[in-house]
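As a plain string of letters, each chain reads:
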Amino acid sequence: MKAKLRKIVTFIDETLAEQGQTISPPLRRAAAVAVIENPFAGIFQEDLSLLIDIGEELGLLLAERAVAALGGEVQSYGKAAAVGENGELEHAAAILHPKLGTPFRKVLGKGAALIPSSKKRGGMGVVLDIPLGHKDAAFVRSHFDGMEVRINDAPRANEIMIALAVTSAGRPLPRVGGLQAKEIKGEDGLR
Amino acid sequence: MPDVRKFVVTVEEILHEGGPIAPTPLRRACVLAVIRNPFAGKYHADIAPFMDDLKPLGLDMARRLIAALGDARLIEGYGKGAIVGEAGEIEHGALWHAPGGYAMRELLGGAKAIVPSTKKVGGPGTRLDIPITHVNASYVRSHLDAMEVGVPDAPRAREIVFALVMTTGARIHSRAGGLAPRDIKGEDGLR
């Protein structure tokens, strides 16, 4: 593996009730987060292809972990990264954008929609709010959501943390209208 | 059974922390339950019977935790904690001592050491550092550890977050001496 992993953390969030209403079946969200060494911490590196390859590796590893943690069908997804203080936002971009999506989608079987993403630079314990959207149609309003993850001892200055999230459904009590999951065509990734 | 709004499970898999990569990664896991606090908002003198209501929750949570780590035989360390929402009092958190502790010991087959614990009153997103010790001998220095836990949207004012934590071994680069697991007598739960 090209990525030098220090730790992998998985999160499972299962919501059984919200505002007094039972959520049945419970809404499940799962995230898998890797903490890796940043090979370009403290220097300016023009060619980021190593990080692009690492993104491909992590797309598979973290997707498998997140899907296993979720158990069952995946409806929405998202990704995010936090770069430690000696790194550059572009390092997160190199991991997240060019090659990570293909293995992620392969694990899911499908995924026509853009994978919503966020990135930031921060210190240990920084909060990542992973944006979530329906995996086959980005306009499904009930599935616009987010999941917070945080690791108290990461990212160190020379590290990057990369997170993938998947869910079993949209928000627990969606009622703001818009495109419904049952109406989607799932061809263009939008509707 | 108490009124559960959500469960959160987190598994950390630690491969190294700057030293040699461990042949077997250390895993730490927590399970958190967010429940309605039946005593929120006013002083109740008689709260102890609620401990019986918490017993099935404790067992359910301990089972989730062991499932997250794979097998009860892998468990070497444990701890527990509680975060009480702002309409409650610290004493409500203390109701977790017996049902949380006994549930883990029952499923681990008679672990001898007292289950270390901590608790606080706090708002949503409050973090709690849960102390961890060896399941059979509190003085085993390699297993003195801690795991930070929390739920972004809990506890709300009228909720309590109850937590159980288990680990599969010593700190990842443990080398601070003291009583070692092989030297445990296993009689008093201390050494």
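The following refers to the structure shown. (Residues numbered from 1 in each chain as written. Chains lettered and ligands numbered in written order. Predicted model: local features only at pLDDT ≥ 70, side-chain atom pairs only at ≥ 80, totals over all residues.)

### Section: the overall build of chain A
Inference 1: What chain A contains, in helices and strands, is 3 helices and 7 strands.
Inference 2: What you see in chain A, going N to C, is helices and strands ordered as β-β-α-β-α-α-β-β-β-β.
Inference 3: The C-alpha radius of gyration computed for chain A amounts to 17 Å, which stays within 12% of the reference 16 Å derived for 191 residues, consistent with globular compactness.
Inference 4: Summarising its shape, the C-alpha atoms of chain A cover approximately 50 × 35 × 25 Å along the three principal directions.
Inference 5: Burial statistics for chain A: of 191 residues in total, 51% are counted as buried.
Inference 6: Of the contacts formed within chain A by residues at least 6 apart in sequence, a portion of 80% connects residues at least 24 apart. (Helix = DSSP H or I, 4+ residues; strand = E, 2+ residues; numbered from the N terminus. Rg over C-alpha atoms; globule rule 2.2 N^0.38 Å. Buried ≥ 20, exposed ≤ 12 C-beta atoms within 10 Å, placed from the backbone. Contact = placed C-beta atoms within 7 Å.)

### Some details on the packing of helix 1 (residues 49–70) of chain A against helix 3 (residues 101–108) of chain A
Residues and elements named next belong to chain A.
Inference 1: Two elements in contact, helix 1 and helix 3, have axes whose closest approach is 7 Å; the angle formed by their N-to-C orientations is 30°. With respect to each other, helix 1 and helix 3 are oriented roughly parallel. Crossing hand, helix 1 versus helix 3: right-handed. Counted together, Glu56, Gly59, Leu60, Ala63, Glu64 and Val67 of helix 1 and Gly101, Thr102, Pro103, Phe104, Val107 and Leu108 of helix 3 form the full contact between these two elements.
Inference 2: Taken together, the residues of the contact of helix 1 with helix 3 sort by class into 7 nonpolar, 3 polar and 2 charged. (Axes fitted to C-alpha atoms, helices over the stretch in contact; angles between N-to-C directions. Parallel < 35°, antiparallel > 145°, perpendicular 65-115°, else oblique. Left-handed = near helix turned anticlockwise from the far one by under 90°. Nonpolar A, V, L, I, M, F, W, Y, C, P; charged D, E, K, R; others polar.)

### A word on unusual backbone geometry
Residue and element names in this part refer to chain A.
Inference 1: Ser24 connects to Pro25 through a cis peptide bond whose omega is -5°.
Inference 2: Mapped onto the fold, Pro25 is located in strand 2 (residues 21–37).
Inference 3: With a phi angle near 50°, Gln19 is a residue other than glycine that sits in the positive phi range.
Inference 4: Relative to the helices and strands, Gln19 resides in the loop between strand 1 (5–18) and strand 2.

### Some points on the interface of chain A and chain B
How big an interface is tends to be stated in terms of the accessible area lost upon association of its parts.
Inference 1: The partner chain B presents 16 residues to the 15 residues of chain A that form the contact.
Inference 2: When residues of the side of chain A that touches chain B are assigned to their parent elements, the largest contribution, 13 residues, is made by strand 1 of chain A.
Inference 3: The residue makeup of the side of chain A that touches chain B, split by class, is 7 nonpolar, 3 polar and 5 charged.
Inference 4: Summarising the sheet, strand 1 of chain A and strand 1 (residues 4–14) of chain B pair through 9 bridges and their orientation is antiparallel. Its bridge partner lying in strand 1 of chain B, Lys7 of chain A is registered against Ile14 of chain B. (Pairing = 2+ DSSP bridges.)

### Looking at the environment of Val121 of chain B
Residue and element names in this part refer to chain B.
Inference 1: Position of Val121 among the secondary structure elements: in strand 4 (residues 117–121).
Inference 2: Accessibility expressed as a C-beta count within 10 Å gives 18 for Val121, which makes it partly exposed.
Inference 3: Separated by 116 residues in the primary sequence, Val121 and Arg5 have C-alpha atoms spaced 18 Å apart.

### Examining the environment of Met1 of chain A
Inference 1: Note that Met1 of chain A resides in the segment before strand 1.
Inference 2: Separated by 154 residues in the primary sequence, Met1 of chain A and Pro155 of chain A place their C-alpha atoms 20 Å from one another.

### Some words on the nonpolar core
Residue and element names in this part refer to chain A.
Inference 1: Ranked by internal contacts, the top residues of the largest apolar core, which has 97 residues, are Ala31, Ala66 and Ala163.
Inference 2: In terms of residues, this core owes the most to one element, helix 1, which gives 10 residues.
Inference 3: When neighbours within four sequence positions are excluded, Ala66 is seen to be in contact with Ala30, Ala31, Ala32, Leu164, Ala165 and Val166.
Inference 4: Ranked by size, the runner-up nonpolar core spans 5 residues in total, among them Ala113, Ala137, Ala138 and Val140. (Core = buried A, V, L, I, M, F, W, Y, C linked by C-beta atoms within 7 Å.)

### Section: the packing of helix 1 of chain A against helix 2 (residues 89–96) of chain A
All names here are of chain A.
Inference 1: At a closest axis distance of 6 Å, the pairing of helix 1 and helix 2 adopts a crossing angle of 50°. As far as their axial angle goes, helix 2 and helix 1 are oblique. Like other packed secondary-structure pairs, helix 1 and helix 2 cross with a definite hand, here right-handed. Side by side, helix 1 and helix 2 meet where Leu51, Ile52, Ile54, Gly55 and Leu58 of the first sit next to His91, Ala94, Ile95 and Leu96 of the second.
Inference 2: Looking at side-chain class alone, the contact of helix 1 with helix 2 contains 7 nonpolar, 2 polar and no charged residues.

### Let's talk about helix 3 (residues 97–107) of chain B
Residue and element names in this part refer to chain B.
Inference 1: Here helix 3 has its buried residues at Pro99, Gly100, Gly101, Ala103 and Met104.
Inference 2: In this fold, the buried residues of helix 3 make contact with helix 1 (50–69), strand 3 (77–84) and strand 7 (159–167).
Inference 3: The first or second residue beyond helix 3 is Gly109, which carries a positive phi of 75°.

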